[in-house]
Amino acid sequence: MPAHVWIVTVVALLAIVAFDLIVIARRDHAVTIKDATRWVLFYVGLAAVFAVLLFVLSPGASGSEFVAGYITEYSLSVDNLFVFVIIMARFAVPSMAQDKVLYIGIVVSMLLRAVFILAGAAAIAAASWVFYLFGAFLVYTAVRLALEGDNDESDFQENAVLRGLRRVLPLQHDYDGARLVTRTGGRAMLTPLVIVIAAIGMANVIFALDSIPAIFGLTQDPYVVLTANAFALMGLRQLYFLIGGLLERVIYLNVGLSVILAFIGVKLIIEALHGSHIDDIGAIHLPHIGIVTSLGFIAGTLLVTTAASLVKTGWDRRRTETD
């Protein structure tokens, strides 16, 4: 993409982030389901408008790649929400402060992900063997995710960084509403919200170790990768308030995500083999997996996963009621 397109895009994304901050500052109540629904639709609508602009103004497959990348990043980010729920419960974050905490944590992770994306793009440009590395890592992650089973509280543990922050920062034990800084005995002190923000930011970056190689399996355009990540993360906070209580019903989420990661991992390895002029392995012809095929597979997997989860949880609930 030309430099002026990058500049306009970054300015627009920063304007959206700033607008979001103004909304949070003016909100005088905890986020309701109605609020969350309205803002989820707003952010999904923004992503849809951006996709249309790419289809109309950008040549090639940028529009299709953005849609596939956005859906992949958004679906993989849903798994983050369960960890967010655990973090909020573990630290007993006041309801009025949760929106602010998620906002800052996600903005920090957006900046860190941008660094990862640029590094990944540079690695791919420098050496085609990176495709093999990314592909193998995604297949490994898919197997690990499938074997882990359901999400539980062990998915989040305070790491050495968080424990170190507790030791070096002037922290007080109690919250002060949604304040990050308060005064105790005439001394400025940080509230526990700072640790919660650090936990959310690090959790998001750790999840990026899976999702960024996944989207590079769909497109190698850093502009598409960056914007798909940005739009997915910007809508993630509101999605937390909308479906946080429904996550436990999507019991096959890990299965669906592992299938998607494995598919993209295999796709990456096949593309790397094609790049090495290997089109057949014995009698097996290696197909070219286009972006439309990838998009259909991802969407279909998510649909089947969600439907199967709802059917299973509904059946279990009815059986419990009759026992």
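Remember, it's a predicted structure, so these values are computed and weren't measured experimentally. (Residues numbered from 1 in each chain as written. Predicted model: local features only at pLDDT ≥ 70, side-chain atom pairs only at ≥ 80, totals over all residues. Heavy atoms only, no water.)

Visitor: Just checking my understanding: could you explain the pattern of salt bridges for this structure?
Guide: If the charged atoms of two oppositely charged side chains come close together, the side chains can form a pair. In total, this model carries three salt bridges according to the counting rule given. Note that Arg113 is salt-bridged to Glu73, the shortest N-O span being 3.5 Å. Of this pair, Arg113 sits in helix α4 (residues 95–126) while Glu73 sits in helix α3 (residues 62–90), and the two are 40 residues apart along the sequence. For the pair formed by Arg113 and Glu73, the shared burial category is buried. For the salt bridge of Arg179 with Asp176, the shortest nitrogen-to-oxygen distance reads 3.7 Å. (Salt bridge = Lys/Arg side-chain N within 4 Å of Asp/Glu carboxyl O. Helix = DSSP H or I, 4+ residues; strand = E, 2+ residues; numbered from the N terminus. Buried < 20%, exposed > 50% of the residue type's maximum accessible area, 1.4 Å probe, protein only.)

Visitor: What exactly am I supposed to notice about the pairing of strand β1 (residues 181–184) here?
Guide: The pairing of β1 with strand β2 (residues 187–190) spans four bridges and is antiparallel. Bridged to Thr182 within β2 is Met189. The turn linking β1 back onto β2 is made up of two residues, and Gly185 within it adopts a positive phi angle of 60 degrees. (Pairing = 2+ DSSP bridges.)

Visitor: Please clarify how helix α10 (residues 253–275) should be interpreted in this entry.
Guide: Each α-helix turn comprises 3.6 residues. Residues three or four places apart therefore point the same way. Here α10 spans 33 Å end to end across 23 residues, near enough to the 33 Å set by a 1.5 Å rise per residue. Following α10 by one or two positions, His277 adopts a phi angle in the positive range, close to 65 degrees. (Expected span 1.5 Å × (residues − 1).)

Visitor: Is there a simple way to explain the packing of aromatic side chains in this structure?
Guide: Geometry of an aromatic ring pair is reported as the spacing of the ring centres plus the angle between the planes. Enumeration according to the criterion identifies 13 aromatic pairs in this entry. Measuring from centroid to centroid gives 5.2 Å for Trp6 and Tyr223, while their planes differ by 85 degrees, and the two rings are edge-to-face. Remark: Tyr223 occurs in helix α8 (residues 222–234) and Trp6 occurs in helix α1 (residues 3–26); sequence separation between them is 217 residues. For Trp6, a relative accessible area of 24% puts it in the partly exposed group. Centre to centre, the rings of Phe66 and Phe231 are 5.9 Å apart; their planes meet at 90 degrees, and the pair counts as edge-to-face. Taken together, the positions of Phe66 in helix α3 and Phe231 in helix α8 put the pair 165 residues apart, joining distant regions of the chain. For the pair Phe66 and Phe231, one class covers both residues: buried. Site record: aromatic cluster; members linked through ring pairs are Trp6, Phe50, Phe66, Tyr70, Tyr74, Tyr223 and Phe231. (Phe/Tyr/Trp six-rings, centres within 6.5 Å; stacked < 30°, edge-to-face > 60°.)

Visitor: In this structure, what is going on with the packing of helix α2 (residues 33–57) against α8? I would like to understand it.
Guide: Axis angle and axis distance: for two packed helices, these are the angle between their axes and the distance between the axes, and together they describe the pair. α8 packs onto α2 with a crossing angle of 160 degrees between their chain directions and a minimal axis gap of 9 Å. Here α8 runs roughly antiparallel to α2, going by the angle between their axes. Considering only the axes of α2 and α8, their crossing is left-handed. Every residue of α8 that contacts α2 at Tyr43, Leu46, Ala47, Phe50 and Leu54 is listed here: Tyr223, Thr227, Phe231 and Met234. Among the residues forming the contact of α2 with α8, the class breakdown is eight nonpolar, one polar and no charged. (Axes fitted to C-alpha atoms, helices over the stretch in contact; angles between N-to-C directions. Parallel < 35°, antiparallel > 145°, perpendicular 65-115°, else oblique. Left-handed = near helix turned anticlockwise from the far one by under 90°. Contact = heavy atoms within 4.5 Å. Nonpolar A, V, L, I, M, F, W, Y, C, P; charged D, E, K, R; others polar.)

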